[in-house]
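If you want the building blocks of each chain, they are given just below.
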Amino acid sequence: QPLLERALAMRVELLGEDHPDVAVTLNNLAMVDWRRGDLKRAEERFQQAVNIGLESLGPAHPKVADFLANLAFLLVAKGEKGRAVSLLTEGMNNIERHLPQMLSTGSEKQKRLYMESISEGTSGMVSLHLQSAPDSPQAARLALATLFRRKGRVLDVMSGQVASLMNQSGAADEELLKKRAAAQAQLSGLEVGSKNTDDGKYKAKIEAARSEVQALERQISERAAARGLDLSSVSIEAVQAALPANSALVEIVKYRPVTVTSSATRWEAPHYAAYVLKTTGNPLAIDLGEAKKIEQEVNLLRRALSSPSRSDEASLARYALSARRVDEAVMRPIRKLLGNTNQILIAPDGAFNFVPFAALKDQQNHYLAENYTFTYLTSGRDLLRMRERLPSKQGPVVIANPLYELPATQKPQPAPRVPSTTMRSTNFGVFEPLDGTGEEAEVVSDILDNSKVFTGAQATEAVLKQVKAPNILHIATHGFFHSERTKAEPANNSGLRAGAASSLGEHLTENVLSRSGLALAGANQTDDGEGNDGIFTALEASVLDLHGTKLVVLSACETGRGEVQSGEGVYGLRRALVLAGAESQMISLWKVNDKATRDLMIAFYENLQSRMGRSEALRQVQLKLIKSDRYKH
């Protein structure tokens, strides 16, 4: 403490009493006071730090948020929980008032870094409620409101800014969006296009392409901001009003609890929690326990589901056990808060982004699909965006059964002007034909009125890039995903819509959206020089024009996989399609059987035509297949 006191005196003398560095030292001294048991002196110093921070840094600065959180938890230690909730509510509102301004400019990366800088505060809000004031409705509302305002916020802003330009597009807007699409395609090709990642010139090209994409993102942000794009905050009341009748929102969050004592605070290992919001009343919440234990169970479930052969008794038993254990850890506690509600809108977090809740099993060994309808969201805030439905610009588009090996006359050839290091390697992987996708396309196109169908050599990247907000976009082919930790698996001819490039695993890309995608016509060959190499990545999908598309169906393997990033959900095809403007999407979390998927898709569209909602249409197919001898697994 004497050293800190001397540092404080020196900083006041050199920098002045109102400098932010003085606030930092005061905050540190307050922590020492707290440990020594002098709570009165600690409170005074925390308050001084807050006052200086508000004046010198502004209410939206992460350091000010930290000072406020420390003061609030000191008040908890003193038994003044009501004051603590009021203080953090004020701090959250201060940040929220300035958050639209902070997010209205800059690239996606800059926006994400800012949101990460205040993420600890989100944990603080949830912890204040669940650990310190579990019986306080005000604390519950503060925690849930914070989740609505921060979870998936960058995705919401980015998609809104692009939509703003598309909806009011002039010549300059269209040119900017075209430049962005071209830059994304170039970056995608570069990031997975060469195994020679130690080449200095190659790395320089990637960095230049990334810089160009970020510069174009900044221009889009600035143009949207100049038009007064509404980035205002979201209230619990607004989300509640958007909930369908007899439904419940389940907002899951991964957070770090804070243990508060009379001598210190201590951040604990991460936990999961769930907030349940119905159409009326205050939110209900429950702490689900340590994240590490839950994630171990989730990983076992994912391994059981990803087994290529799930029909043998041993693999079925492993799956059934895992499905029951994950339900016991997560959904059984949540069910106690749901009451009689059986329509669930679920916004997962962390490892739960990869849990198919309908496939869990309850105490009676029933699939949850037998009693509940699930719809997945990034955040409850999505419900407000989904109310703003844009008109479609064309009828259904079906792309299926691509000819991965084009005839010699149609083979894409690399343009001479493009150096060979920018080309995708010809040993990217061998994608085998999928007969079921052709049959699927034929029947689905008959069910959907006025549909356009592209198969074989016509099922190209170029065709997909030209779609303009079809009301339904259906793509049936191989899908792929490559994580940083494991090599991607090659495509195969085992009747699975599986596939990922073996060479993709030999070099890693910084942009996660370049590691997942779909195989289209010519995927077994080389780039044509225009970015049409048959490998359609999520990065390229993110710049499609799907503003007005009601449903995207990715009838392929593992299209729901990706990489979870803090507070922003899954970076992969599902995020890309939201950025592109799709209203909803149907995706898979594991390798799917070709023939089974064909049958599921046909029945799904028949249900849609009979006026079922999208989630219920899927559920009814699932129930039908569960009862069949052939597909009950």
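Residues numbered from 1 in each chain as written. Predicted model: local features only at pLDDT ≥ 70, side-chain atom pairs only at ≥ 80, totals over all residues. Heavy atoms only, no water.

Describing the packing of aromatic side chains
Summed over the entire model, instances satisfying the criterion amount to eight aromatic pairs. A centroid spacing of 6.2 Å and a plane angle of 45° characterise the contact between Y372 and F374, whose relative ring orientation is tilted. Of the two residues, Y372 and F374, both sit in the buried class. Between Y404 and F431 the ring centres are 5.9 Å apart and the planes differ by 40°, which places this aromatic pair in the tilted class. Placement of Y404 in the loop between β8 (397–402) and α16 (435–447) and of F431 in the loop between β8 and α16 is noted, with a sequence separation of 27 residues between them. A single burial state applies to Y404 and to F431, both of which are buried. Among the aromatic side chains, those forming a connected cluster through ring pairs are Y272, F352, F357, Y372, F374 and Y376. The ring centre of Y367 lies 4.7 Å from the NZ or CZ of K361, which sits over that ring. A cation over an aromatic ring shows up here: R575 above the ring of Y571, its NZ or CZ 4.0 Å from the ring centre. (Phe/Tyr/Trp six-rings, centres within 6.5 Å; stacked < 30°, edge-to-face > 60°. Buried < 20%, exposed > 50% of the residue type's maximum accessible area, 1.4 Å probe, protein only. Helix = DSSP H or I, 4+ residues; strand = E, 2+ residues; numbered from the N terminus. Lys NZ or Arg CZ within 6 Å of the ring centre and 35° of its normal.)

A closer look at the sheet that holds strand β12 (residues 516–519)
Read across the open sheet, the three strands follow the order β11-β12-β13; overall the sheet is antiparallel. Whereas interior strands pair on both sides, the edge strands pair on one side only; in this sheet they are β11 (479–481) and β13 (535–537). Each strand of the sheet is rotated relative to its neighbour by a mean of 30°, with strand direction disregarded. (Pairing = 2+ DSSP bridges. Axes fitted to C-alpha atoms, helices over the stretch in contact; angles between N-to-C directions.)

Overview of the nonpolar core
With 58 residues, the main nonpolar core has W34, V126, L128, L249 and L277 as its most contacted residues. Looking at this core, the element that brings in the most residues is helix α4 (residues 62–77), giving 10 residues. Judged by nonpolar contacts, the second largest core, of 41 residues, contains L176, L190, V552 and A580. (Core = buried A, V, L, I, M, F, W, Y, C linked by side-chain atoms within 4.5 Å.)

Examining helix α11 (residues 200–226)
With 27 residues, α11 extends 39 Å between its outermost C-alpha atoms, agreeing within 8% with the 39 Å of an ideal straight helix rising 1.5 Å per residue. Within the span of α11, buried status applies to Y202, I206, A209, R210, V213, L216, E217, I220, S221 and A224. (Expected span 1.5 Å × (residues − 1).)

Thoughts on a nonpolar patch on the surface
A cluster of nonpolar side chains, M10, L14 and L15, forms an exposed patch at the surface whose accessible area comes to about 320 Å². You can see L15 is positioned in helix α1 (residues 2–15). Judged by relative accessible area, which is 39%, L15 ranks as partly exposed. (Patch = residues over 30% accessible without salt bridge, like charges linked within 9 Å, V, L, I, M, F, W, Y side chains within 5 Å. Areas by Shrake-Rupley, 256 points an atom, 1.4 Å probe, with all protein chains shown as cover. Salt bridge = Lys/Arg side-chain N within 4 Å of Asp/Glu carboxyl O.)

Side note on unusual backbone geometry
Excluding glycine, residues mostly carry a negative phi; peptide bonds, for their part, are mostly trans. Notably, N246 is not glycine yet its phi reads approximately 60°, a positive angle. On the basis of relative accessibility, which here comes to 64%, the residue N246 falls in the exposed class. Backbone geometry at N365 places phi at a positive 65°, although glycine is not the residue there. By secondary structure assignment, the location of N365 is in the loop between β6 (343–347) and β7 (373–376).

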